[in-house]
Amino acid sequence: KKEEDDKKKKKRNRFEFCGEELSSVIQSMVKTRSMRRPDGTTLMPELWRRVAKFLSPSEILIFKRTSRLGQQVTVDLLSGKIVVAAGRKAFIFDTETNKLLHILEGHTDSIWCCKFSKDGRRVVTEITAKIWDSMTGILLLTLRGHAGWVFACAFSPDGSLVVTASADRTARVWNAENGTLLLVLEGHTSYVLGCAFSPDGKRIITAGFDQKACVFSAETGECQLTIE
């Protein structure tokens, strides 16, 4: 019994090692953002009406069947922009005026995730991960290496790295400037559905269809903690 208690205590200490940092990352992964103006009205209906103008009837049908609009929206509070993924395209709007700034085209399947870098100058989108210049809408990089669809993506806090999560049961870390693959994060036995950096950029947490969450070193790729 003493041995079992020691194991439980060790596991608890390992969890507490990540503390609030781990908790905040998990919350950011599952939180659905609802975009609202200062007067409390939502931007979603207006944005959808604007987006629909640029989609074909078949794209609208696919989007309505598969979309998780609230989870496919990322806001950069510094730049006052919102990126909306709809079907195979992503759209960048000005949040104050709702003006369409750029259409990001180039994906061959529906986009599952889109995120701004912290400084708002780049956007990463995926089913095959792509990095865009949010100021011009120009495609900068395509990140190739996964053997399956990419379900989630995120920039590191300093914008130097991108992490992607895939159906190939891995997450991968890339140089966000030149697209070089830096790390392959292994530890899941099924699809990896979510990924995020810790606020200090030193750790990466992933969540999988295998009902596990893994915490990795962003420097070495070592799995430091598995939560089941």
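What this report covers is the structure whose coordinates are included nearby. Because the structure is a prediction, the values reported are computed rather than measured. (Residues numbered from 1 in each chain as written. Predicted model: local features only at pLDDT ≥ 70, side-chain atom pairs only at ≥ 80, totals over all residues. Heavy atoms only, no water.)

A few points about the nonpolar core
Piece 1. Counting 16 residues, the largest nonpolar core has Val-163, Ala-165, Val-173, Leu-185, Cys-195, Phe-197 and Ile-204 as its most contacted members.
Piece 2. Counting only elements with at least two residues in this core, the list comes to strand E9 (150-155), strand E10 (161-166), strand E11 (170-175), strand E12 (181-186), strand E13 (192-197) and strand E15 (213-217).
Piece 3. Other than its neighbours up to four places away in sequence, Ile-204 contacts Val-163, Val-173, Leu-185, Ala-196, Phe-197, Cys-214, Val-215, Phe-216 and Ala-218.
Piece 4. Within the second largest apolar cluster, 11 residues are counted, among which are Phe-155, Val-162, Trp-174 and Ala-176. (Core = buried A, V, L, I, M, F, W, Y, C linked by side-chain atoms within 4.5 Å. Buried < 20%, exposed > 50% of the residue type's maximum accessible area, 1.4 Å probe, protein only. Helix = DSSP H or I, 4+ residues; strand = E, 2+ residues; numbered from the N terminus. Contact = heavy atoms within 4.5 Å.)

Overview of the side chain of Lys-212
Piece 1. Topologically, Lys-212 is positioned in the loop between strand E14 (203-208) and E15.
Piece 2. Notably, Lys-212 is buried but unbridged: the nearest opposite-charge side chain belongs to Asp-210, and the N-O separation is 4.1 Å.
Piece 3. A distance of 2.9 Å separates a polar atom in the side chain of Lys-212 from the backbone oxygen of Gly-187. (Lys, Arg positive; Asp, Glu negative; His and termini not counted. Salt bridge = Lys/Arg side-chain N within 4 Å of Asp/Glu carboxyl O. Polar contact = N/O pair within 3.5 Å; in protein donor to acceptor, adjacent residues only side chain to side chain.)

Regarding the sheet that holds E12
Piece 1. Overall, antiparallel pairing links the four strands, which are arranged E9-E10-E11-E12 in an open sheet. The sheet is open, and its two edges are formed by E9 and E12, each paired on a single side. Within the sheet, the average angular offset between the axes of one strand and its neighbour, ignoring direction, is 20°. (Pairing = 2+ DSSP bridges. Axes fitted to C-alpha atoms, helices over the stretch in contact; angles between N-to-C directions.)

Observations concerning the sheet that holds strand E5 (residues 113-116)
Piece 1. As summarised here, the arrangement of the four strands in space is E5-E6-E7-E8, forming an open sheet in which the pairing is antiparallel. Each having just a single partner strand, E5 and strand E8 (139-142) make up the two edges of the open sheet. Within this sheet the neighbouring strands show an average axis-to-axis angle of 20°, counted without direction.

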